[in-house]
Amino acid sequence: MLKIALDLDGVLADTMKLWIRLWRRRTGQIIEFEDLDEWDFWKRLGISEREFMDVMNDAWRLWKIMPPTEDSLSEKVKEIKKFGKVDIVTARPRVTERYALNWLKLHKIPYDEYIWIRSCREKPSLNYDVYIDDSPLIVDGCMRRGKLLILYDRPWNRQIQENIHVKRIKSLNQVSEILGRLER
């Protein structure tokens, strides 16, 4: 059985779509989702990481209206769980943890454990075989350790090229196909 680390923000919860709405409401500035073409896009807005995270935290306080990345997430994650243990592994601020847990419950996302870490860069050093994530920051760590990263396609990770350790997906439906090939 595989040990699978499933990311929350950007893979299950479409946090950046709500972030964009809140940013527009606060500043009047219009940002399109496709404009978020680098991990730390907020630097181009002339704001600090703290300001970015303040808006992100506010987005999570609105967890009841946080959109999922896809329809039928619960069923798609159930399919992934057939391949092994699935933990939600996230580096989101601890102050939003209860909102994230409520969101997972609301959307009936099945998982084994909720694992909080300080930084997403720590993920590749954890004891998982497969990572389903949208962060370009974990690519090198996964490759160095020979771990499989199933990269959920987002504008901020499109510069990452697929290789033996990195497989890009546009939908969680594609995960079962990739994991099925591992079992052969």
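All figures in this text were calculated on a predicted structure; none of them were measured in a lab.

Calculation criteria
Residues numbered from 1 in each chain as written. Predicted model: local features only at pLDDT ≥ 70, side-chain atom pairs only at ≥ 80, totals over all residues. Heavy atoms only, no water. Pairing = 2+ DSSP bridges. Helix = DSSP H or I, 4+ residues; strand = E, 2+ residues; numbered from the N terminus. Axes fitted to C-alpha atoms, helices over the stretch in contact; angles between N-to-C directions. Core = buried A, V, L, I, M, F, W, Y, C linked by side-chain atoms within 4.5 Å. Buried < 20%, exposed > 50% of the residue type's maximum accessible area, 1.4 Å probe, protein only. Contact = heavy atoms within 4.5 Å. Right-handed = clockwise from strand over helix to strand, strands pointing away.

Enquirer: Just to check I follow, could you spell out the sheet that holds strand E4 (residues 130-133) for this structure?
Expert: What holds strands together in a sheet is hydrogen bonding between their backbones, with the strands either parallel or antiparallel. An order of E3-E2-E1-E4-E5-E6 is seen for the six strands of this open sheet, with the pairing classed as parallel. Edge strands, defined here as strands with exactly one partner in the open sheet, are strand E3 (113-116) and strand E6 (166-169). Mean inter-strand twist for the sheet, computed between neighbouring axes without regard to direction, equals 25 degrees. Where strand E1 (residues 2-6) and strand E2 (residues 84-90) come together, five bridges link them in parallel fashion. Note on E2: the bridge partner recorded for Ala5 is Asp87.

Enquirer: What is the right way to look at the nonpolar core in this model?
Expert: As a rule of thumb, nonpolar side chains are buried together in soluble globular proteins. Ranked by size, the top nonpolar core spans 49 residues in total, and within it Leu12, Trp19, Trp60, Trp103, Ile132 and Leu172 carry the most contacts. Considering every element that reaches this core, the biggest residue donor is helix H1 (residues 15-27), with six residues. Once residues within four sequence positions are removed from consideration, Trp19 is found in contact with Ile31, Phe41, Leu45, Ile47, Phe52, Val55, Met56 and Ala59. In terms of nonpolar packing, the next biggest core, distinct from the first, is built from twelve residues, Tyr128, Tyr131, Ile138 and Leu151 among them.

Enquirer: What am I meant to see in the pairing of strand E5 (residues 148-152) here?
Expert: Regular strands place their side chains on alternate faces of the sheet. Counting buried residues in E5 gives five out of five residues, a clear majority hidden from the surface. Burial of E5 is two-sided: the residues Leu148, Ile150 and Tyr152 facing one way and the residues Leu149 and Leu151 facing the other way are all buried. Pairing of E4 with E5 involves four bridges; the strand directions are parallel. Looking at the pairing, Ile132 lines up with Ile150 of E5. Between the parallel pair E4 and E5, the chain is carried across by helix H5 (residues 139-145), and the sense of this crossover is right-handed. Bridge count for E5 against E6 is four bridges, and the pairing is parallel. The partner of Leu151 across the bridge, within E6, is Arg168.

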